[in-house]
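# A structural walkthrough
The chain contents come next:
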Amino acid sequence: MRKKIVAGNWKMNKTAEEAVALTSEIVHMIADEVTSDVEVVLCVPSLYLSTLQQYATGRVSIGAQNIHQKASGAYTGEISAPMVKSLNIPYVILGHSERRQYFGETDEILAEKVNIALENGLKPIFCCGESLEQRQNEDYIALVQAQLTNALFHLSAEQFGQIVIAYEPIWAIGTGLTASAQQAQDMHAALRSHIASKYGAEVADNTTIQYGGSVSAANAAELFSSPDVDGGLVGGASLKSRDFVNIVKAI
Ligand code: PEP
């Protein structure tokens, strides 16, 4: 059975002190209140990876929000897959729409980032999704499937088994607009069948596909009840321990 994973994406938020407080609150609340076998990942600013890794216990682990596509070198300000791996961090978000939009990350760059992540034993949480304009004017399902084809389908089936997909419609990120449970389910099923067409039904069935886009404690249970929705990637609501833990409990 595929894993259910709820990940928080803190983006560029929290001071060091706040980050420690939020992590320890979440770790304690999850230990006390969550009985399901959901996995919880906190994707934190890179500056805090090392410190927060020491607080992550039980079912909670820490993830990075990005890595560079090269292993090392003259790339001022960047962090590499070997650096993240050297802290025993298991996950890294790749291809978030904010990285694609503000930092020019293309499918080709993302394919390189996926490769270097896997070479270093990191599990990518690979984000994909369409803008509102694309949803209104294009075959948006084919477009999101192509994001997978272009950045991931060069992988072997074994490598693909390390990938977590996060479907994040861009129009729902940080906007308060959420895809309906049916809209999420339709896209997740289309992505799973696309994965099956390349890697076969077993790999597709084992792939965790998260939904992301204004997930809240109020809408999580309905979104997570769809058969192909295997958890969430949560932005804004991951910055408050009570809200985030309630989302985890909704699974
Ligand atoms: C995200 O940034 O991945 C995200 C889903 O943000 P939010 O939950 O705030 O929409």
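Throughout what follows, the structure given in this document is the object of discussion. Quantities reported herein were computed from a predicted structural model and do not represent experimental measurements. (Residues numbered from 1 in each chain as written. Predicted model: local features only at pLDDT ≥ 70, side-chain atom pairs only at ≥ 80, totals over all residues. Heavy atoms only, no water.)

Once that is clear, we can look at the nonpolar core. One finds Phe126, Leu152, Phe160, Ile165 and Ile195 to be the most contacted residues of the largest nonpolar core, which totals 69 residues. At six residues, the largest contribution of residues to this core is made by helix 1 (residues 16–33). Counting 11 residues, the second largest nonpolar core, distinct from the first, contains Tyr91, Ile93, Cys127 and Leu233. (Core = buried A, V, L, I, M, F, W, Y, C linked by side-chain atoms within 4.5 Å. Buried < 20%, exposed > 50% of the residue type's maximum accessible area, 1.4 Å probe, protein only. Helix = DSSP H or I, 4+ residues; strand = E, 2+ residues; numbered from the N terminus.)

Our focus in this paragraph is the site of the ligand. Near the ligand there are 14 residues, and of these Lys11, Glu168, Gly174, Ser214 and Gly235 occur at the shortest range. Between the ligand and His96 there is a distance of 2.8 Å, counted from an oxygen atom to a side-chain nitrogen or oxygen. In the complex, the protein chains occlude 96% of the 290 Å² of accessible area that the ligand would expose alone. (Near = heavy atom within 4 Å. Polar contact = N/O pair within 3.5 Å; in protein donor to acceptor, adjacent residues only side chain to side chain. Areas by Shrake-Rupley, 256 points an atom, 1.4 Å probe, with all protein chains shown as cover.)

Turning our attention to the sheet that holds strand 5 (residues 123–128). As summarised here, the arrangement of the eight strands in space is 1-2-3-4-5-6-7-8, forming a closed barrel in which the pairing is parallel. Between one strand axis and the next, the sheet turns through 25° on average, direction left out of account. Relative to strand 8 (residues 231–234), strand 7 (residues 209–212) is paired through two bridges, and the arrangement is parallel. Counterpart to Tyr211 in the pairing with strand 8 is Gly232. Each of strand 5 and strand 6 (164–167) is contacted by helix 7 (residues 140–152), which is oriented at about 145° to strand 5, the strand it contacts most. (Pairing = 2+ DSSP bridges. Axes fitted to C-alpha atoms, helices over the stretch in contact; angles between N-to-C directions. Contact = heavy atoms within 4.5 Å.)

Here the structure, examined in full by the defined rule, presents zero disulfides. Of all cysteine sulfurs in the structure, the one in Cys128 sits closest to Cys127, which takes part in no disulfide; the separation is 7.5 Å. The class of Cys128 is buried, set by a relative accessible area of 3%. (Disulfide = S-S within 2.5 Å.)

With 19 residues, helix 9 (residues 181–199) ought to run about 27 Å at 1.5 Å a step, and its terminal C-alpha atoms sit 26 Å apart, in line with that. Looking at helix 9, one finds that the buried residues are Ala181, Ala184, Gln185, Met187, His188, Ala190, Leu191, Arg192, His194, Ile195 and Tyr199. With its phi angle positive at about 95°, Gly200 sits one or two positions after the end of helix 9. (Expected span 1.5 Å × (residues − 1).)

The next thing to look at is the pairing of strand 8. Alternating positions in strand 8 separate into two faces, Gly231 and Leu233 on one and Gly232 and Val234 on the other, with burial throughout. As paired elements, strand 1 (residues 5–9) and strand 8 share four bridges and run parallel to each other. Paired with Ala7 across the strands is Leu233, a residue of strand 8.

The subject of this paragraph is the environment of Tyr91. Here Tyr91 is to be found in strand 4 (residues 91–94). Each C-alpha atom of the pair Tyr91 and Ala111 lies 16 Å from the other, and the pair is 20 residues apart in sequence. Setting aside residues no more than four positions away along its own chain, Tyr91 makes contact with Lys3, Ile5, Glu39, Val41, Ser61, Ile62, Gly63, Ala64, Lys123, Ile125 and Val164. A distance of 2.6 Å separates the side chain of Tyr91 from the side chain of Glu39, its partner in a polar contact.

A word on helix 12 (residues 241–249). Taken as a whole, helix 12 has its buried residues at Ser241, Phe244, Val245, Ile247 and Val248. Across the axial projection of helix 12, the buried residues extend over an arc of 155°, all falling on one side. Residues of helix 12 that are buried sit in contact with strand 1, helix 1, strand 2 (39–43), helix 11 (220–224) and strand 8. (Arc of directions from axis to C-beta.)

This part takes up the packing of helix 1 against helix 12. Taken N-terminus to C-terminus, the directions of helix 1 and helix 12 make an angle of 35°; their axes are 10 Å apart at the nearest point. Crossing handedness for the pair helix 1 and helix 12: right-handed. Between helix 1 and helix 12, the contacting residues are Leu22, Glu25, Ile26, Met29, Ile30 and Glu33 on the first element and Ser241, Arg242, Phe244, Val245, Val248 and Lys249 on the second. Split into classes, the residues belonging to the contact of helix 1 with helix 12 amount to seven nonpolar, one polar and four charged. (Left-handed = near helix turned anticlockwise from the far one by under 90°. Nonpolar A, V, L, I, M, F, W, Y, C, P; charged D, E, K, R; others polar.)

In contact at an axis separation of 7 Å, helix 5 (residues 107–119) and helix 7 are set at 55° when each is read in the N-to-C sense. On the basis of the axis angle, helix 5 is oblique to helix 7. Each of Asp107, Leu110, Ala111 and Val114 in helix 5 lies in contact with helix 7, whose residues at this interface are Ala146, Gln147, Asn150, Ala151 and Leu152. Considering only residue class, the contact of helix 5 with helix 7 consists of six nonpolar, two polar and one charged. (Parallel < 35°, antiparallel > 145°, perpendicular 65-115°, else oblique.)

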